[in-house]
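Single-letter residue listing:
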Amino acid sequence: MSIRAVLIWAGLATAIAVPIAIAATSPLLAYRGPVYIAAGFAGIIAMALVLVQPLLAGGSLPGLPTRPGRRVHRWIGALLVAMVVAHVAGLWLTSAPDVIDALLFDSPTPFSAWGVVAMWAIFATALLAALRGRLRIAPRVWRLGHTTLAVVIVIGSVVHALLIEGAMGNVSKVVLCVLVVAAMAKVLVVLRPWALLTRQRQGVRSD
Amino acid sequence: MTQHHATRRDFISASTAVAGVTFVTGTAGLLVPASAQNLAPTPTMRGGANNYLAGAPVVNRIGGGGFMMSGTVRRAGDGAPLSGIRIQIWAHTTEGYESDRHSHGATLTGADGTFRLEMPQIVPAFGQAHAHLAYDGGPFKTVFLRPLMASSKDKSLSANFVLEPA
């Protein structure tokens with residue numbers, strides 16, 4: 001393994017481990033029961049998985065080129081769905097009226113709607129991924145649709161996390177969010193999902 | 001929140017107008033300035049009624065205390081202070097969840113329309129440090145408030161009610 005590979009993997013491990021470790025020492029945990037604590041950590045882990053996903057899709061992780069990376073990407077995607085379900089279910093058990101308000105887009109907290117939109121985008125992504133073969137979605141259409149949903153997931157999750165006062169440390173939360181956006185931006189540049197659109201336009205312009 | 005701030009602004013402008021009287025009475029929102037002739041009732045805030053448990057007992061203090069919840073209750077229209085009004089208060093605190101019965105308590109307004117109730121320190125829950133207050137079950141229309149703390153380190157919070165007849 002090259003130095004570069006070690007640094008990338010160590011950097012990713014740090015980016016994920018540090019926010020989780022800081023959240024684990026949050027004084028707020030003393031005033032929360034196990035279900036509420038687990039719901040919070042499911043959300044933090046989900047955010048970490050949102051960082052990993054574009055790196056896997058773009059083949060950015062050493063030792064995991066695109067093809068095997070995509071296989072891991074699918075498993076991580078399933079895990080992400082599970083984490084979001086655990087997050088919402090745990091919060092529901094902690095305070096159902098607050099979660100109902102959020103799901104109905106009637107919450108007083110501005111971050112709820114961003115999280116709920118990201119949640120639906122994650123569910124839609126998983127559903128489309130599961131039905132991709134059966135629906136015979138063309139690769140270019142798939143790439144455009146999937147990355148569009150991914151951008152919604154990233155923006156929704158990041159805004160959701162940044163506006164919350166919770167167990168995560170503020171600095172480590174901002175760093176994780178910046179990395180999530182950067183990873184998404186990198187994979188967009190690499191995969192150029194808008195190729196479908198530009199090709200059509202190029203056809204019209206015939207250049 | 002908007003209403004809460006507006007009420008405070010109303011008070012500040014009113015107290016500036018009659019600063020001398022304010023100095024003597026020394027308490028917020030007690031004056032009945034001419035500008036309050038059309039004082040609008042406080043609307044219920046979104047999420048204000050979440051985890052409400054009707055009939056919280058009137059107590060001297062919720063749990064071990066350490067945090068001061070206070071405010072005023074006035075009548076819509078003329079802004080007259082309302083005494084003997086029962087205000088119920090609950091929050092996620094160092095001592096329990098909003099849904100825990102022991103997190104709930106009530107207090108009565110004094111002759112000057114103010115209320116104060118000591119309670120445990122409020123901690124951020126569901127992403128925001130906030131309290132819940134209710135006026136419910138009496139001659140006025142029910143109002144639920146959900147004021148936010150400017151900082152979760154704050155040791156006090158205030159919320160004001162303007163009630164209209166039911």
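Residues numbered from 1 in each chain as written. Chains lettered and ligands numbered in written order. Predicted model: local features only at pLDDT ≥ 70, side-chain atom pairs only at ≥ 80, totals over all residues.

Trainee: When you look at the overall build of chain B in this model, what are you seeing that I'm missing?
Mentor: Along the backbone of chain B there are two helices and eight strands. Buried residues in chain B amount to 46% of all 166 residues. Excluding contacts between residues fewer than 6 apart, the proportion of contacts in chain B whose partners are at least 24 apart in sequence is 71%. (Helix = DSSP H or I, 4+ residues; strand = E, 2+ residues; numbered from the N terminus. Buried ≥ 20, exposed ≤ 12 C-beta atoms within 10 Å, placed from the backbone. Contact = placed C-beta atoms within 7 Å.)

Trainee: In this structure, what is going on with the nonpolar core? I would like to understand it.
Mentor: Note that soluble globular proteins tend to have their nonpolar side chains buried in a common cluster. Counting 83 residues, the largest nonpolar core has V50 and V180 of chain A together with I89 of chain B as the members making the most contacts within it. Among the elements that make up this core, the one with the highest residue count is helix α2 (residues 34-57) of chain A (15 residues). Look past the residues within four positions of V180 of chain A in its chain and what remains in contact with it is M47, V50, L51, V154 and V158 of chain A. (Core = buried A, V, L, I, M, F, W, Y, C linked by C-beta atoms within 7 Å.)

Trainee: How should the confidence of the model for chain B be read in this particular structure?
Mentor: Regions with low pLDDT should not have their predicted coordinates read in detail. Residues and elements named next belong to chain B. Residues at a pLDDT of 70 or more form 78% of chain B, whose mean pLDDT is 86. When the criterion is pLDDT under 50, residues 1-29 qualifies, and its contacts beyond four places in sequence or with other chains add up to 29 contacts. The complex prediction reports pTM at 0.86, with the ipTM value standing at 0.87. (pLDDT = per-residue confidence, 0-100.)

Trainee: Could you clarify how one ought to interpret the interface of chain A and chain B in this entry?
Mentor: Interface size, as often reported, equals the accessible area lost upon joining of the parts. Contacts between chain A and chain B engage 14 residues on the former and 16 residues on the latter. Counting residues per element, the side of chain A that touches chain B draws most heavily on helix α4 (residues 96-103) of chain A, at three residues. Within the side of chain A that touches chain B, the residues separate by chemical class into six nonpolar, four polar and four charged. (Nonpolar A, V, L, I, M, F, W, Y, C, P; charged D, E, K, R; others polar.)

Trainee: Just to check I follow, could you spell out the confidence of the model for chain A for this structure?
Mentor: On average, residues of chain A score 93 in pLDDT, and 96% of them are at 70 or above. Ignoring residues within four places in sequence, the model shows residues 203-207 of chain A, a span with pLDDT below 50, making one contact including any to other chains.

Trainee: Help me out: how do you make sense of unusual backbone geometry in this one?
Mentor: Residues apart from glycine generally show negative phi values, whereas peptide bonds are mostly found in trans. Of note in the backbone geometry, R192 of chain A takes a positive phi value of approximately 45 degrees without being a glycine. Note on placement: R192 of chain A falls in the loop between α7 (170-191) and α8 (195-205).

Trainee: Please explain the sheet that holds strand β5 (residues 131-135) of chain B as it appears in this structure.
Mentor: Backbone-to-backbone hydrogen bonds join strands into a sheet, with any given pair of strands oriented parallel or antiparallel. Residue and element names in this part refer to chain B. In spatial order, the strands read β3-β2-β5-β6; together these four strands make up an open sheet with antiparallel pairing. Each edge of the sheet is formed by a strand with only one pairing partner; in this case those strands are β3 (105-108) and β6 (143-145). Strand-to-strand twist across the sheet, computed as the mean angle between neighbouring axes with direction ignored, equals 20 degrees. Bridge count for β5 against β6 is three bridges, and the pairing is antiparallel. Residue pairing for β6: Y135 is matched across the bridge by V143. (Pairing = 2+ DSSP bridges. Axes fitted to C-alpha atoms, helices over the stretch in contact; angles between N-to-C directions.)

Trainee: Whenever I open this one, the environment of V99 of chain A confuses me. Can you help?
Mentor: Structurally, the position occupied by V99 of chain A is in helix α4. For V99 of chain A, a count of 23 C-beta atoms within 10 Å translates into the label buried.

Trainee: Hey, could you run me through the packing of helix α5 (residues 110-135) of chain A against helix α6 (residues 139-163) of chain A in this one?
Mentor: Residue and element names in this part refer to chain A. As a packed pair, α5 and α6 sit with axes 8 Å apart at the nearest point and diverge in direction by 155 degrees. Here α5 is positioned roughly antiparallel relative to α6, judged by the angle of their axes. Crossing of α5 over α6 shows left-handed handedness. Within the contact between the two elements, α5 uses P110, F111, W114, G115, V117, A118, A121, I122, A124, T125, L128 and R132 and α6 uses W142, G145, H146, L149, V152, I153, G156, S157, V159, H160 and L163. (Parallel < 35°, antiparallel > 145°, perpendicular 65-115°, else oblique. Left-handed = near helix turned anticlockwise from the far one by under 90°.)

Trainee: Before we go on, may I ask you to explain the packing of helix α1 (residues 3-24) of chain A against α7 of chain A in this structure?
Mentor: Residues and elements named next belong to chain A. α7 packs onto α1 with a crossing angle of 150 degrees between their chain directions and a minimal axis gap of 9 Å. When the interaxial angle is binned, α1 and α7 end up roughly antiparallel. Regarding α1 and α7, the two cross each other, and that crossing is left-handed. Seen from α1, the contacting residues are A15, V18, P19 and I22; seen from α7, they are S172, K173, L176 and L179. Split by residue class, the contact of α1 with α7 holds six nonpolar, one polar and one charged.

Trainee: It is not clear to me how α2 of chain A should be interpreted in this structure. Could you clarify?
Mentor: Since one α-helical turn is 3.6 residues long, residues separated by three or four positions face the same way. For α2 of chain A, which comprises 24 residues, the first-to-last C-alpha distance of 34 Å matches the rise-based estimate of 34 Å (1.5 Å per residue) to within 8%. Of the residues trailing α2 of chain A, G59 of chain A is marked for its positive phi of about 65 degrees. (Expected span 1.5 Å × (residues − 1).)

Trainee: Is there a simple way to explain the pairing of strand β1 (residues 67-75) of chain B in this structure?
Mentor: Residues in a regular strand project their side chains so that they alternate between the two faces of the sheet. Residues and elements named next belong to chain B. Counting buried residues along β1, seven of its nine residues qualify, which places the element largely inside the surrounding structure. Sheet topology note: the β1/strand β4 (residues 114-119) ladder contains six bridges and is antiparallel. Across the sheet, residue M69 finds its bridge partner in β4, namely L117. Judged from the three bridges that link them, β1 and strand β7 (residues 156-158) form a sheet pairing that is parallel. For M68, the partnering residue across the bridge sits in β7 and is S156.

Trainee: Could you clarify how one ought to interpret the pairing of β5 of chain B in this entry?
Mentor: Residues and elements named next belong to chain B. Within β5, five of the five residues are buried, which leaves the element mostly enclosed by the surrounding structure. Note that strand β2 (residues 86-91) and β5 share four bridges and pair antiparallel. By the bridge assignment, I89 is partnered in β5 with L133.

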